[in-house]
Structure formats: C-alpha cells, structure tokens
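# Coordinate analysis (summary)
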Amino acid sequence: LAKTTQPISMDSYEGQEVNITCSHNNIATNDYITWYQQFPSQGPRFIIQGYKTKVTNEVASLFIPADRKSSTLSLPRVSLSDTAVYYCLVGARSGNTGKLIFGQGTTLQVKP
Amino acid sequence: DAGVTQSPTHLIKTRGQHVTLRCSPISGHKSVSWYQQVLGQGPQFIFQYYEKEERGRGNFPDRFSARQFPNYSSELNVNALLLGDSALYLCASSSPGYTEAFFGQGTRLTVV
C-alpha cells in the first residue's frame, strides 16, 4: 500500500481557505485518494475521495495532478468547528476494503 | 438509520485481564473492521471480517482475536491485557456499494 506524507500540523483563522497537501509518490494505478476527518474521542469521518483531476462536494474539494503523486484537500472558509485531525489515505475505494492505512494525519487548528 | 454502534463506550481493566468489545455495523453492511488508536497516532488496522470470515489481520499479537456473527455484528477480544493496550478501539463497517467506511464512536479502554 502506498505511503502518504502530510504536514503534522497547520494553523488557520476563521474564514480562510485551508489547503492540506499529501504526498503519495508510490500510488498504484488502481488506488484512490481518500480524506477522513477526526474529532477528539470520535471515529474518523469520510470527507472526500477522488482518483484524478478535481472532485468537489459540499464540504471540500480535492485536487489531484496528472501524475497523481500528490493531492490537496481544500477546505473553503474554515470555522472553529473544522479544528480536527485530517488523514490522507491511498488505496482501494473505502467501501471495497475493510483495511484502511492511516498515517499520523494533519492536526488543523482554526483560530478565531 | 442507525450508524455503527459500539459498546461499551468506556471501560477500565487491570493488567492481565480479558476484555470483549462489541460492534454493530450499519444495517446491510457485511464487512466489519477493527482499529486501535493510541493517543496522538492514527488508527491502526487490527482485523477485517466479511461474511463471517477473517479477511485481513494487522500486525497485532495473538492476544487479539475477533469474530463476526450471523447478523454481522462483531466482537473484539483481547487477552492478558497490557498497559500498552490502553487506546481507543474503533469499529468500521463498509459495503462494496459505498465509497466510504463508516466508523463508530469507539470504545476507550484504559488498562491499569
């Protein structure tokens, strides 16, 4: 399974756009890129998944360049409630596998 | 529709004891996975069960075991508890028809 590298922590202010980049140099052809969000003492929650180019939902956007060796999670206009740990995962589509490989994640701190 | 439910939410055990954690997946999901999350780290995969059969096992000692019942609920058992087993234990259910895995709130196990 491809290993991912992402910043340990990031700070932002309310109302700003936050971009978290994840590196996955050894991504396989069949791999998807998935981001999860986790609040303290809760289970991770799915944010977004993509294979290539750009994916957008009501919560975030995911940008994937053509070589797919990295990806960027974009959170528009963050609020205090977006303070959480964000995990980038690479592998089969989550619903098709029970085995998710989490790294350390990026702790996002949103300040007022 | 109920999400993934885990019980108990918290428990305290003494070193050397045995513990059983329980998980009920989302209705219709046949895959259940277990994860251990130590404070400050991402969740680590322990087991996956699909249709009552073990489909994957992480790098955990034999003290850890699990099973899945005909109704697709699951139990995680840990024998001879060590202080290092103190963690948040997460259960996730998934289905090939879905993009994401769904996590429960977890069971906080403290070994003293």
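Our subject is the structure that appears above.
Residues numbered from 1 in each chain as written. Chains lettered and ligands numbered in written order. Predicted model: local features only at pLDDT ≥ 70, side-chain atom pairs only at ≥ 80, totals over all residues. Heavy atoms only, no water.

This part is about the packing of aromatic side chains. All names here are of chain A. Considering all chains together, one arrives at 11 aromatic pairs over all chains under this definition. With a centroid separation of 5.2 Å and 90° between ring planes, the pair formed by Y87 and F102 is classed as edge-to-face. Of this pair, Y87 sits in strand β8 (residues 84–91) while F102 is found in the loop between β8 and β9 (106–111), placing the two residues 15 residues apart along the sequence. Look at F102 and you get buried, because its relative accessible area is 6%. (Phe/Tyr/Trp six-rings, centres within 6.5 Å; stacked < 30°, edge-to-face > 60°. Helix = DSSP H or I, 4+ residues; strand = E, 2+ residues; numbered from the N terminus. Buried < 20%, exposed > 50% of the residue type's maximum accessible area, 1.4 Å probe, protein only.)

Taken together, the 24 residues of chain B in the interface contact 20 residues of chain A. Regarding the contact of chain B and chain A, the summed buried area is about 1700 Å², with carbon and sulfur atoms giving 49% of it. At the boundary of chain B and chain A, one finds zero salt bridges. Joining chain B to chain A, the criterion identifies five residue pairs in polar contact (both at pLDDT 80 or more). Contributions of two or more residues to the side of chain B that touches chain A are made by β4 (31–37), β5 (44–50) and β9 (87–94) of chain B. Of the residues forming the side of chain B that touches chain A, the biggest block, four residues, is contributed by β4 of chain B. Of the residues that constitute the side of chain B that touches chain A, the class distribution is nine nonpolar, 13 polar and two charged. (Contact = heavy atoms within 4.5 Å. Buried area = accessible area lost by both parts, 1.4 Å probe. Salt bridge = Lys/Arg side-chain N within 4 Å of Asp/Glu carboxyl O. Polar contact = N/O pair within 3.5 Å; in protein donor to acceptor, adjacent residues only side chain to side chain. Nonpolar A, V, L, I, M, F, W, Y, C, P; charged D, E, K, R; others polar.)

This part covers the nonpolar core. For soluble globular proteins, nonpolar side chains are generally found buried alongside one another. In terms of nonpolar packing, the biggest core is built from 22 residues, with W34, I46, L76 and Y89 of chain B touching the most fellow members. Only β3 (19–24), β4, β5, β7 (64–68), β8 (74–78), β9 and β11 (107–111) of chain B provide two or more residues apiece to this core. Residues contacting I46 of chain B, with those up to four places away along its chain left out, are W34, Y35, Q36, G56, R57, G58, F60, F64, L76 and Y89 of chain B. Core analysis: the next-biggest nonpolar cluster, separate from the first, contains 20 residues, I33, L62, I64 and V90 of chain A among them. (Core = buried A, V, L, I, M, F, W, Y, C linked by side-chain atoms within 4.5 Å.)

All names here are of chain A. Reading across the sheet, the five strands line up as β1-β9-β8-β3-β4 and stay open at both edges, with mixed pairing between neighbours. If you trace the sheet from one side to the other, it starts and ends with β1 (9–13) and β4 (45–50), each paired once. Each strand of the sheet is rotated relative to its neighbour by a mean of 25°, with strand direction disregarded. Pairing geometry for β8 and β9, over three bridges, is antiparallel. Within β9, the residue paired with Y86 across the bridge is T106. (Pairing = 2+ DSSP bridges. Axes fitted to C-alpha atoms, helices over the stretch in contact; angles between N-to-C directions.)

All names here are of chain B. Strand order in the open sheet formed by four strands is β1-β3-β8-β7, and the pairing between neighbours is antiparallel. Of all the strands in the sheet, just β1 (5–7) and β7 have a single pairing partner and so form its edges. Sheet twist, expressed as the average angle between the axes of neighbouring strands with direction ignored, equals 15°. Bridge count between β7 and β8: five bridges; the pairing is antiparallel.

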